[in-house]
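Overview (structure and organization)
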Amino acid sequence: MVDLRVTVGSLTLDNPVMPASGTFADGLAQIVPFDRLGAMVTKTITAELRGGNPTPRVAELDQAMLNSIGIPSNGVAYFVQKSLPFYRRFKSPLVVSISAPSADAFAELAARMELPGIAAIEANISCPNIEESGKAFAMNPRSTDAAVQKIRNATRLPLWVKLTPNTSEVAAVARAAENAGADALVVANTILAMSIDIETFKPRLGSIMGGLSGPAIKPIVVRMTYQCAKAVSIPVIGCGGISTAEDAVEYMMAGATAVQVGTATFLRPSAMIDVIDGLAAFCDRKGIARAADLTGLVRDAEMAVDDLEAVP
Amino acid sequence: MVDLRVTVGSLTLDNPVMPASGTFADGLAQIVPFDRLGAMVTKTITAELRGGNPTPRVAELDQAMLNSIGIPSNGVAYFVQKSLPFYRRFKSPLVVSISAPSADAFAELAARMELPGIAAIEANISCPNIEESGKAFAMNPRSTDAAVQKIRNATRLPLWVKLTPNTSEVAAVARAAENAGADALVVANTILAMSIDIETFKPRLGSIMGGLSGPAIKPIVVRMTYQCAKAVSIPVIGCGGISTAEDAVEYMMAGATAVQVGTATFLRPSAMIDVIDGLAAFCDRKGIARAADLTGLVRDAEMAVDDLEAVP
Amino acid sequence: MEALLDTRSHVPSASQRTADDVTARVVAHQWVNAEYKHLVLDAPEPAPLAQAGQFFHLECPQAGEDRPFFRRPMSVYKADPGKGQVEFLYKVTGAGTRGLATLRVGDTMRILGPLGVGFTLDESWKNIVVLGRGVGLATLAPLAEMAAANGVGVTAIFSARGPEQVMSTERFAKTGARIEIVLDSDGSSAVENVERLLRRIAREGKTGAFFTCGSDRLMLLMQRLGRELGIRGEVALEQQMACGIGMCFCCVRNFRSGNEVVSRRVCWDGPVFRLDEAMSW
Amino acid sequence: MEALLDTRSHVPSASQRTADDVTARVVAHQWVNAEYKHLVLDAPEPAPLAQAGQFFHLECPQAGEDRPFFRRPMSVYKADPGKGQVEFLYKVTGAGTRGLATLRVGDTMRILGPLGVGFTLDESWKNIVVLGRGVGLATLAPLAEMAAANGVGVTAIFSARGPEQVMSTERFAKTGARIEIVLDSDGSSAVENVERLLRRIAREGKTGAFFTCGSDRLMLLMQRLGRELGIRGEVALEQQMACGIGMCFCCVRNFRSGNEVVSRRVCWDGPVFRLDEAMSW
Ligand SMILES: Cc1cc2nc3c(=O)[nH]c(=O)nc-3n(C[C@H](O)[C@H](O)[C@H](O)COP(=O)(O)OP(=O)(O)OC[C@H]3O[C@@H](n4cnc5c(N)ncnc54)[C@H](O)[C@@H]3O)c2cc1C
Ligand SMILES: Cc1cc2nc3c(=O)[nH]c(=O)nc-3n(C[C@H](O)[C@H](O)[C@H](O)COP(=O)(O)OP(=O)(O)OC[C@H]3O[C@@H](n4cnc5c(N)ncnc54)[C@H](O)[C@@H]3O)c2cc1C
Ligand SMILES: Cc1cc2nc3c(=O)[nH]c(=O)nc-3n(C[C@H](O)[C@H](O)[C@H](O)COP(=O)(O)O)c2cc1C
Ligand SMILES: Cc1cc2nc3c(=O)[nH]c(=O)nc-3n(C[C@H](O)[C@H](O)[C@H](O)COP(=O)(O)O)c2cc1C
Ligand code: FES
Ligand code: FES
């Protein structure tokens, strides 16, 4: 019997598989037994009420999804009254994803999360920072540091920080988050992209650009997971294009302690369960006793990453 | 009859289609009539002799190619003696891609290119800058400015500057290149990525990380092309995952004046010719008289890019 | 920005719903006319328990160049718990439905459902009017049967391009429904004509409620007449879907709710909505 | 970093080559044993003009989960300009060859070739030895026929796991070649045994030149013996390929050239190389 447990900071998860924020909600409980998940992660919530983006909000591309949902939100009060009680029924730890337009607002919202049934906070700092003309906090180490420090000081809950792939210095951002007190990193959010319908000449999304997710982005985010895991000593949670156990194994070998499944759940609602079962089967076949042993297993010892050649 | 000509700075091309650097060489002349190409672009050359990266140098992923070829090069002297005479036979303008480890070295190499048969220089500033601990010049506006200014001062040849997609500020980099004197931008090089063979636990590339190309990256690079074309007034040449005329049309609608075809030529050597023919057919069907009219045709007028929402 | 989410919506909660993702087997799959195919599946529960107006999210096979990524939402055209079957009537449009069209008898596919909130029938109504265009009829057919089973009379108005596009008349006829056909080809489908027809039916006292699907124009007509004549109604809406179960918020549409405009998810709060609250799309 | 590129290589220039990407039609496609398939194609020129040791870059169909992205290199197993045909013998290994294996008679596919530099035969040689393992025989078969056609005698040594893996013996036999079979199953394929065999053939004066393909171990053996006995030779090498026509530089291998180690492209400078310059892989 493979031991699937993994440890993310002070939390021990029954297995390394959980949903990605924004791709999970109560409706899935009809199909997936939430008690089998390593954790539950909510759609990002904001303090205030917010509408979302204009439709069309999604487009399907080849092996990828493009979305500009935005963060439509009923606000934190609604979440606490209506959604939280629902998730409290399940034994898997609940991670609440939060977002705010400034470091202070992030801290305020985080402070409101120390509630029964909330196991950890995932700070979605891939969202725009109004103090940096809308650039995501996670685009550079400085604004990452500012936001994470303030959130860290506002809560005793385990703090996961979700990075953006839309940066040229993901490892430096990862270190900044670690130094500012993050307990774990989630790598990463969607990649900014665009698609045009050449018959109608119209962008496929109502807001022109949006975030790319799904299998197509996996090699890029596996790379970032590898870079971040090398750069920090806190756990990294891999997220991007994971739809099978093999994908999860690849992320873990690259250095991830746990993984999040996003878009795949839209295509196959039971994707997370299949990943959990497949992970156990893989470890079994390979004679790996504990899923945790997969983390960082990539055989790169005799290979020097030749930075000067990495980009052709 | 559709007029396929496009103008890139002082050069008029018979059509907007040309190869991407590193995916084109004399061997293709057996299959593709080079005289039909809008331009010819060489593999990046360096001043000095250079080996390449360890094998395996490529991996095939789903709808994508991962490579860490590096820039094996016989040096500029060999290029001038052996390769240049070959390309002189063809009437399509020859664009020589160059790379160097510092801004000064870039300028020196550029200065040696004012030779009969060379129509333009493509400065591959996506390559590592030893003065910035190996970060690519094109990762930030400052080092882009430094390199492009020096190259600009060293040559009277039309200067195309090839950007990297591995940056969070591609539009700012584009503006820096324009201000420093670039005549056109090529958007973009490959995206840094990684893949692990989970059976052997080994990275699929000898140098662990490499550049992702092919259809999977198209939505990301279309977005960058759009952002760059909005940011500058010099022509943008789109490059990333183009394998059909439809892809080329999408790039042009997003703002590209011309396009480069890379990986697709490996899969279908005649890809560029098919794109040229398909472009004419598309324009014909849509009643568009000149291919140049496709540039920037995307219907985004009533849509405000909501920066604050672009990344979910 | 779209409108704020509707916080007062009273749809069933997650715990009150019973969708599942099951493997179904094709038992029949035929062209109905040049554009529409009729698909009959053997499917385990809860699939055959689907109610009129609910839908399924279908995994569509890849076929040649067509590689549909998302699933495709389709209204249940018929559900038979006795036989353990569900049926769909769909128009072959793009990559997904072209892929769907390649399924052969004996093939299996994943279907997620039943999803969403279907039609509500007030048994106090003696008669209802259903007005559908195109594939809207597929959505309304089970409603007509449910009405008949509950002793509610049905007048069904079919709008179509031409006679070849009129489908399902036999199914409606079997329920005892009165059928009116209006066509583009002879001009009878013009809004003014349909309005005259509806007013006539109203005068006959046969408009206990209005139901519509498949046309913005006709929805607006029924809404206007409903408001004028005090007739309640429902409309089944469409919107692009990724998840189908309320997670992604891509399928929102705006609705008039009191003095506000609110945003609701078609997959979760609908696809059937109050006619008076719907907005033109 | 790998070695520097070989700047002194004397292979034909681009203008001296005549490959094309043509559409070929499957005329036969059969399993030879449990692992290998034999593919016969009708193909327009220049395909059927391929020389022994040259190869083609084959577009492999997608099949189910298998979506090969690159083409796959395959040695020409036979080329017949008279019939306008080319043949391949290949082992079903991964995504590409599994896709290839689904081709049916009548199907068409794109094949790029003939590519690379094939074997050279010095007509002054009276006898040559070809030593192949596995699919290496496929590469060497046309060489044996070319030798026979030029009045050069051939001794062919086949190394294989067991008798079931031995292929193409009839084709070699038809050329009049003498055939020796060494097997893992009875231990006769051990390097020492093959060495004894080669030395015996040398003593018989039948080793005008050595040719090998398909095994690193056997290549090293021939190289060592060749050096000791002063016998020239050639080896056909494999390496992963993206473009197949010298553009991408992914298919490099290192070679000993004088006192240097240089890097050459298998697709352009080879796949056939001087035996004495090859390095273990
Ligand atoms: C609740 C609901 C019930 C439906 N019931 C039926 C039915 O019974 N019969 C039928 O023929 N059609 C029905 N539709 C419409 C059907 O979903 C679309 O025709 C189908 O998704 C088109 O997919 P495609 O790949 O063929 O077209 P494409 O245009 O290639 O699809 C591209 C994308 O747009 C989406 N899309 C395109 N048209 C529609 C549409 N009208 N509604 C929602 N998404 C769309 C697709 O799902 C896909 O994500 C229903 C839609 C909804 C929302
Ligand atoms: C010049 C040349 C001639 C060849 N001739 C033959 C032949 O006649 N018959 C035959 O059975 N095989 C031959 N091979 C090997 C054949 O190309 C591989 O077996 C085939 O590419 C495997 O593809 P796959 O998708 O089945 O395997 P996978 O392992 O899924 O392939 C993954 C990737 O690795 C590459 N690859 C895997 N094995 C090899 C290999 N041995 N050589 C080169 N690339 C490889 C593939 O091309 C692909 O890019 C030849 C190789 C070369 C270079
Ligand atoms: C429809 C949709 C909505 C999303 N919403 C959020 C969100 O609210 N907060 C967040 O941090 N990430 C959000 N994401 C990003 C995902 O959590 C995840 O990082 C990304 O999709 C990559 O993973 P995937 O390829 O497995 O989908 C969203 C993604 C999608 C597709
Ligand atoms: C094998 C290979 C080698 C490349 N070599 C170079 C190079 O030498 N210089 C350069 O600027 N770009 C190089 N590139 C990047 C391409 O020019 C192009 O920017 C990238 O591949 C994206 O386009 P594509 O998706 O059409 O391939 C190389 C790409 C590949 C796949
Ligand atoms: S389709 Fe995902 S919320 Fe409706
Ligand atoms: S395969 Fe591209 S150079 Fe050999």
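Here, every reference points to the structure presented above.
So, how was this worked out
What you see as residue numbers is a count from 1 along each chain, following the sequence as written. Think of it this way: whatever chain is written first is A, whatever ligand is written first is 1, and the rest follow in order. The predicted origin of the model limits local features to residues at a pLDDT of at least 70 and limits the giving and counting of side-chain atom pairs to 80 or more, whereas totals for whole chains, interfaces and linings rest on all residues. Excluded from the side-chain calculation are hydrogens and water; included are all heavy atoms of the structure. A run of H or I in DSSP becomes a helix once it reaches four residues, and a run of E becomes a strand once it reaches two; helices and strands are each numbered from the N terminus. Each radius of gyration is computed over the set of C-alpha atoms, and the globule rule expresses the reference value as 2.2 Å times the number of residues to the power 0.38. Between buried and exposed lies partly exposed: a residue is buried under 20% and exposed over 50% of the maximum accessible area for its type, with that area taken using a 1.4 Å probe on protein chains only. Here, residues are in contact when the closest pair of their heavy atoms is within 4.5 Å. A 1.4 Å probe and the Shrake-Rupley method give the accessible areas. Residues count as covered only by the protein chains that appear here. Residues scored as charged are limited to Lys and Arg (positive) and Asp and Glu (negative), so that His and the chain ends carry no count. For charged residues, the charge sits on one atom: NZ in Lys, CZ in Arg, CG in Asp, CD in Glu. Alignment of copies: least-squares fit on C-alpha atoms of residues with pLDDT of at least 70 in both copies. Each residue is tested against the molecule or strand, and it is near if at least one of its non-hydrogen atoms lies within 4 Å. What qualifies as a polar contact is a pair of N or O atoms within 3.5 Å, subject to a donor-acceptor requirement within protein and to the restriction that residues adjacent in sequence count only when both atoms come from side chains. At least two bridges found by DSSP between two strands is the condition for calling them paired. Lines fitted to the C-alpha atoms define the axes, with helices restricted to the stretch that makes contact. Angles between their N-to-C directions range from 0 to 180 degrees. The crossover handedness rule: strands pointing away from the viewer, path from first strand over the helix to second strand clockwise, crossover right-handed. Here is the rule for handedness: rotate from the far helix to the near one, and if that takes an anticlockwise turn smaller than a right angle the crossing is left-handed, while a clockwise turn gives right-handed. Throughout, the ten residues Ala, Val, Leu, Ile, Met, Phe, Trp, Tyr, Cys and Pro are labelled nonpolar, Asp, Glu, Lys and Arg are labelled charged, and all others, Gly among them, are labelled polar. One speaks of a salt bridge when a side-chain nitrogen belonging to Lys or Arg is within 4 Å of a carboxyl oxygen belonging to Asp or Glu.

This part is about the overall build of chain C. For chain C, the helix and strand inventory stands at five helices and 15 strands. For 281 residues, the compact-globule estimate of 2.2 N^0.38 gives 19 Å, and the C-alpha radius of gyration of chain C, at 18 Å, lies within 12% of that figure. Over its C-alpha atoms, taken along the principal directions, chain C stretches across nearly 50 × 45 × 35 Å. Evaluated residue by residue, chain C yields a buried proportion of 58% over its 281 residues. Excluding contacts between residues fewer than 6 apart, the proportion of contacts in chain C whose partners are at least 24 apart in sequence is 66%. Roughly 11,400 Å² of accessible area belongs to chain C as shown, and the carbon and sulfur atoms make up 48% of that amount. Computed over 33 positive and 32 negative side-chain charges, the inter-centroid distance for chain C is 2 Å.

To continue, consider the relation of the copies chain B and chain A. The transform that puts chain B on chain A rotates by 180° and translates by 0.0 Å along the axis, for an RMSD of 0.0 Å. Given the turn and translation reported, the copies of this chain are related as if by a two-fold rotation axis. Both copies present the same face, since 100% of the interface residues in chain B are matched by interface residues at the equivalent positions in chain A.

This brings us to the site of ligand 1. Residue and element names in this part refer to chain C. In the neighbourhood of ligand 1, 20 residues make up the surrounding shell, with R72, P73, G96, T97 and E238 lying closest. Here a nitrogen atom of ligand 1 sits 2.8 Å away from a polar atom, N or O, in the main chain of S75. G96 is positioned such that a nitrogen or oxygen atom in its backbone is 2.6 Å from an oxygen atom of ligand 1. For ligand 1, the accessible surface in isolation is 820 Å², of which the surrounding protein chains cover 82%.

Residue and element names in this part refer to chain C. Here T212 is to be found in strand β11 (residues 209-213). Judged by relative accessible area, T212 falls into the buried class, the value being 1%. Leave out the neighbours within four places in its chain, and T212 touches L131, L140, L218, M219, M222, E234, V235, A236 and L275.

Next up on the list: the sheet that holds strand β7 (residues 108-115) of chain D. Residues and elements named next belong to chain D. Pairing is antiparallel across the open sheet formed by seven strands, whose spatial order is β4-β3-β7-β1-β2-β6-β5. In this open sheet, the two strands that pair with only one neighbour each are β4 (72-75) and β5 (78-80). Across the sheet, the mean angle from the axis of one strand to that of its neighbour is 35°, orientation sign disregarded. Bridge count between strand β3 (residues 55-58) and β4: four bridges; the pairing is antiparallel. Within β4, the position partnered with F56 by the bridge is M74.

The subject of this paragraph is the pairing of strand β12 (residues 233-236) of chain C. Residue and element names in this part refer to chain C. The side-chain alternation of β12 yields two buried faces, one formed by G233 and V235 and the other by E234 and A236. In this sheet, β12 lies alongside β11 in parallel orientation, the contact comprising four bridges. Within β12, the position partnered with F211 by the bridge is E234. Remark: the β11/helix α5 (residues 216-229)/β12 crossover connection has right-handed handedness. Taken together, the three bridges between β12 and strand β15 (residues 272-274) define a ladder with antiparallel strand orientation. Each residue of the ladder has a partner; that of A236, found in β15, is V272.

All names here are of chain D. A sheet is described by the order of its strands in space; here six strands give the open sequence β10-β9-β8-β11-β12-β15, paired in mixed fashion. Edge positions in the open sheet fall to β10 (178-183) and β15 (272-274), since each of these has one partner strand only. For this sheet the average axis-to-axis angle between neighbouring strands, irrespective of direction, equals 20°. Sheet analysis places strand β8 (residues 127-133) next to strand β11 (residues 209-213), joined by five bridges and oriented parallel. Directly across from G132, in β11, lies its bridge partner C213. Sheet strands in contact with helix α4 (residues 191-203) are β8, β9 (153-160), β10 and β11, and its direction is about 165° off that of β10.

Residue and element names in this part refer to chain D. One can describe the packing of α4 onto helix α5 (residues 216-229) by two numbers: an axis separation of 11 Å at closest approach and a directional angle of 35°. The way α4 lies across α5 gives a crossing that is right-handed. Contacts between α4 and α5 involve V191, V194, E195, L198, R199 and A202 on the former and, on the latter, R217, L218, L221, M222, R224, L225, E228 and L229. Of the residues that constitute the contact of α4 with α5, the class distribution is nine nonpolar, no polar and five charged.

Here we come to the pattern of salt bridges. Residue and element names in this part refer to chain C. Considering all chains together, one arrives at 70 salt bridges over all chains under this definition. Residue R133 is joined to D184 by a salt bridge in which the shortest nitrogen-to-oxygen separation is 2.8 Å. With R133 in strand β8 (residues 127-133) and D184 in the loop between β10 (178-183) and α4 (191-203), this residue pair connects regions lying 51 residues apart in the sequence. Connected through shared salt-bridge partners, D6, R264, R274, D276 and E277 make up one network.

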